[in-house]
Amino acid sequence: MQPAQNFLYTKIADAEHNQFNWIASSIAILLMAMAGAAAIVAHQNTQREEYGEEKSLWHVLLLLSATAVVLMLHSSLILWEHLPKLQFVQFPWRWMGILAVPYACFAAAAVRRWRPGWAWAGVMAIAVACTAGFLVHKAWWDTDDMPSLQEAIANGQGFDGTDEYDPATDDHTNLPAKAPPVQILPAAASKAAAPKAEVQIERWSAEDKELSVTSPQPLRLAIRLLDYPAWQVEVNGRRVTPESPESTGQIFLPLPAGAQRIRIEFMKTSDRKWGEAVSGAAGILFLLLFFLDRAKRRSAKVVQT
């Protein structure tokens, strides 16, 4: 799952990986070729006087295309190793999703302004149909995946996630299989018997869990949750920091004797808040530039009239 193993046509000691990477790489090359051809047509259109004002836009899209192409090639490994957060993309061929944006713009310009635009539209339709047909027949489809996941969620059993998205301390092999949502453990990590306690689960949704525990003795509560930073735990209205064994990353709550009310909520961490703020600001900037451009065009028409 490392970027170095997933550049275009990279081979490792795994036949299935190599086959999948060959498929992804071939689609990437096809997309590059289609985007390049459409860009040439779009560039030719900008040579005409009425479309000259779009040159700056095509230059930006060409730069974006070049960046996406370079980051799919092994020669960009140094960037993947040192640019912050880029490794979390994992698969360099995922930059196809970025390359698709300028390709869509170039292709639309080619169809709309090129005289035999219908021919270009036919080429794109054939490419899409052939690629889709190939993927349906050759990709890794397992018809049992979704029904199995639905059943596991419905009966409260849950399912194993993907290792690279788990907390750093988690190891699936050390987690108990088919564990209950809540388990009573002795207060100390010893062989002593767990105290008799009453547990009542009032709410157990994906991002919000509420329960109450009544016990005559101190205890530890093992929650069937991994200790992600976004989980906020409150005991009797006070925020607490749960324990987390290094071998599993599971949430453990030490509780005193008596009645305790527990709430666990999945909160927004700072990176999610910043991401929403950046996306919102970008959306506002886009709308501002869009309306300013429309006003500029209207003023130019009035002057010409």
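What comes next concerns the included structure.

The rules behind these values
Residues numbered from 1 in each chain as written. Predicted model: local features only at pLDDT ≥ 70, side-chain atom pairs only at ≥ 80, totals over all residues. Heavy atoms only, no water. Helix = DSSP H or I, 4+ residues; strand = E, 2+ residues; numbered from the N terminus. Rg over C-alpha atoms; globule rule 2.2 N^0.38 Å. Buried < 20%, exposed > 50% of the residue type's maximum accessible area, 1.4 Å probe, protein only. Contact = heavy atoms within 4.5 Å. Core = buried A, V, L, I, M, F, W, Y, C linked by side-chain atoms within 4.5 Å. Pairing = 2+ DSSP bridges. Axes fitted to C-alpha atoms, helices over the stretch in contact; angles between N-to-C directions. Expected span 1.5 Å × (residues − 1). Arc of directions from axis to C-beta. Salt bridge = Lys/Arg side-chain N within 4 Å of Asp/Glu carboxyl O. Phe/Tyr/Trp six-rings, centres within 6.5 Å; stacked < 30°, edge-to-face > 60°.

A short note on the overall build of the protein chain
Working step 1: Broken down by element type, the protein chain carries 7 helices and 8 strands.
Working step 2: The C-alpha radius of gyration computed for the protein chain amounts to 28 Å, which surpasses the reference 19 Å derived for 305 residues by more than 25%, pointing to a less compact arrangement than a globule.
Working step 3: In terms of overall dimensions, the protein chain has C-alpha extents of about 85 × 55 × 40 Å along its principal axes.
Working step 4: Taken over 305 residues, the protein chain has a buried fraction of 30%.
Working step 5: Restricting to contacts in the protein chain with at least 6 residues of sequence separation, those with at least 24 account for 62%.

Brief notes about the nonpolar core
Working step 1: In this structure, Met72, Trp95, Leu99, Tyr103 and Phe106 are the most contacted members of the largest nonpolar core, which totals 33 residues.
Working step 2: Sorting the residues of this core by element identifies helix H1 (15-46), helix H2 (55-71), helix H3 (77-82), helix H4 (96-113) and helix H5 (117-138) as the ones contributing at least two each.
Working step 3: Per-element accounting of this core gives the leading share, 10 residues, to H1.
Working step 4: Discounting residues that sit within four places of it in the chain, Met72 has contacts with Phe7, Leu8, Ala28, Met32, Pro92, Trp93, Trp95, Met96 and Leu99.
Working step 5: If you look at the next biggest cluster of nonpolar residues, it comprises 16 residues, including Ile184, Val213, Leu219 and Val233.

Concerning the sheet that holds strand S3 (residues 208-215)
Working step 1: Ordered by their spatial adjacency, 5 strands build an open sheet running S2-S3-S8-S5-S6, and the pairing between neighbours is antiparallel. One side of each edge strand has no neighbouring strand; the edge strands of this open sheet are strand S2 (198-204) and strand S6 (238-240). Put simply, the sheet's adjacent strands are angled 25° from each other on average, direction ignored.
Working step 2: In terms of strand pairing, S3 meets strand S8 (residues 258-266) through 8 bridges, oriented antiparallel. In the sheet register, Leu211 faces S8, and the bridge partner there is Ile262.

Re unusual backbone geometry
Working step 1: For Lys85, which is not a glycine, the phi torsion comes out positive at approximately 70°.
Working step 2: Looking at the secondary structure, you find Lys85 in the loop between H3 and H4.
Working step 3: Given a relative accessible area of 64%, Lys85 falls into the exposed group.
Working step 4: Not every positive phi belongs to a glycine, and Asn236 is a case in point at roughly 55°.
Working step 5: With respect to the secondary-structure elements, Asn236 resides in the loop between strand S5 (231-235) and S6.

Quick notes on the environment of Val240
Working step 1: Position of Val240 among the secondary structure elements: in strand S6.
Working step 2: Along the chain, Val240 and Leu57 lie 183 residues apart, while their C-alpha atoms are 52 Å from each other.
Working step 3: For Val240, the residues in contact, after removing those within four places along its chain, are Val233, Val235 and Leu253.

Description of the sheet that holds strand S4 (residues 219-226)
One key point about sheets: their strands pair by backbone hydrogen bonds, in either a parallel or an antiparallel sense.
Working step 1: Spatially, S1-S4-S7 is the arrangement adopted by the 3 strands of the open sheet, whose pairing is antiparallel. Here the strands that pair on one side only, and so sit at the sheet edges, are strand S1 (182-186) and strand S7 (250-255). With strand direction ignored, the average angle separating the axes of adjacent strands in the sheet is 30°.

Observations regarding H2
Working step 1: For H2, spanning 17 residues, the distance from its first C-alpha to its last is 24 Å, which sits close to the expected 24 Å at 1.5 Å a residue.
Working step 2: The set of residues buried in H2 consists of Trp58, Leu61, Ser65, Ala68 and Leu71. One face of H2 carries all of its buried residues, which in axial projection span an arc of 160°. When the buried face of H2 is taken as reference, the exposed residues oriented beyond 90 degrees from it are Ser56, Val60 and Leu63.

What to know about the pattern of salt bridges
Working step 1: Applying the stated criterion to the full structure yields 8 salt bridges.
Working step 2: The residue Asp208 makes a salt bridge to Arg263 at a minimum N-O spacing of 3.3 Å. Here Asp208 is found in strand S3, whereas its partner Arg263 is found in strand S8, with 55 residues between them in sequence.
Working step 3: Judged by relative accessible area, which is 33%, Arg263 ranks as partly exposed.
Working step 4: Taken together, the shared-partner salt bridges in this structure form one network comprising Glu202, Arg203, Asp208, Glu210, Arg261, Arg263 and Glu265.

Observations concerning the packing of aromatic side chains
Working step 1: Counted by the stated rule, this structure contains 7 aromatic pairs.
Working step 2: Both rings, one in Phe91 and one in Trp93, keep their centres 4.9 Å apart while their planes meet at 10°; by these two values the pair is stacked.
Working step 3: For the pair Trp231 and Phe266, a centre-to-centre distance of 5.0 Å together with 80° between the ring planes defines the contact as edge-to-face. Taken together, the residues Trp231 in strand S5 and Phe266 in strand S8 connect sequence positions 35 residues apart.
Working step 4: Using a relative accessible area of 27% as the deciding quantity, one classes Phe266 as partly exposed.
Working step 5: A network of ring pairs unites the aromatic residues Phe20, Phe91 and Trp93 as a single cluster.

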